[in-house]
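# Notes for the structure review
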Amino acid sequence: MALEMRTRCERCETAPLPPDGPALICSYECTFCEACAAALGRLCPNCGGELVARPRRAG
């Protein structure tokens with residue numbers, strides 16, 4: 001099963017998240033931009049899990 005590469009931050013809903021750009025995810029693939037992840041203390045507000053760097057895909 002492939003990782004879902006969401007294209008928008010789940011918190012601010014405005015930050016574009018291209019597959020080859022930076023983003024942070026939890027183990028459930030909740031996805032956030034760097035600014036929102038920092039504001040959340042790198043913890044997912046949905047599950048409480050750690051937010052880590054999402055792997056990048058070549059464009």
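Everything that follows concerns the structure shown earlier in this document.
Presented here is an overview of the structure given in this document. Just so it is clear, the structure is predicted and the values come from calculations on it, not from any experiment.

The rules behind each value
- Residues numbered from 1 in each chain as written.
- Predicted model: local features only at pLDDT ≥ 70, side-chain atom pairs only at ≥ 80, totals over all residues.
- Heavy atoms only, no water.
- Helix = DSSP H or I, 4+ residues; strand = E, 2+ residues; numbered from the N terminus.
- Buried < 20%, exposed > 50% of the residue type's maximum accessible area, 1.4 Å probe, protein only.
- Core = buried A, V, L, I, M, F, W, Y, C linked by side-chain atoms within 4.5 Å.
- Contact = heavy atoms within 4.5 Å.
- Polar contact = N/O pair within 3.5 Å; in protein donor to acceptor, adjacent residues only side chain to side chain.

What follows covers the environment of Ala35. Mapped onto the fold, Ala35 is located in helix H1 (residues 34–39). Look at Ala35 and you get exposed, because its relative accessible area is 57%. Each C-alpha atom of the pair Ala35 and Ala58 lies 23 Å from the other, and the pair is 23 residues apart in sequence.

Within soluble globular proteins, side chains that are nonpolar generally end up buried alongside one another. Core analysis: the largest hydrophobic core is formed by 13 residues, its most contacted members being Cys9, Phe32, Cys33, Cys44 and Leu51. Discounting residues that sit within four places of it in the chain, Phe32 has contacts with Cys9, Glu10, Arg11, Leu17, Ala23, Leu24, Ala37, Leu40, Cys44, Pro45, Asn46 and Leu51.

What follows covers the side chain of Thr31. When you line up the elements, Thr31 lands in strand S2 (residues 31–32). By relative accessible area, Thr31 is classed as buried at 0%. For Thr31, the side chain forms a polar contact with the main-chain oxygen of Glu29, separated by 2.9 Å. With residues near it in sequence (within four places) discarded, Thr31 still touches Arg6, Arg8, Cys9, Glu10, Leu17, Ala23, Leu24, Ile25 and Arg54.

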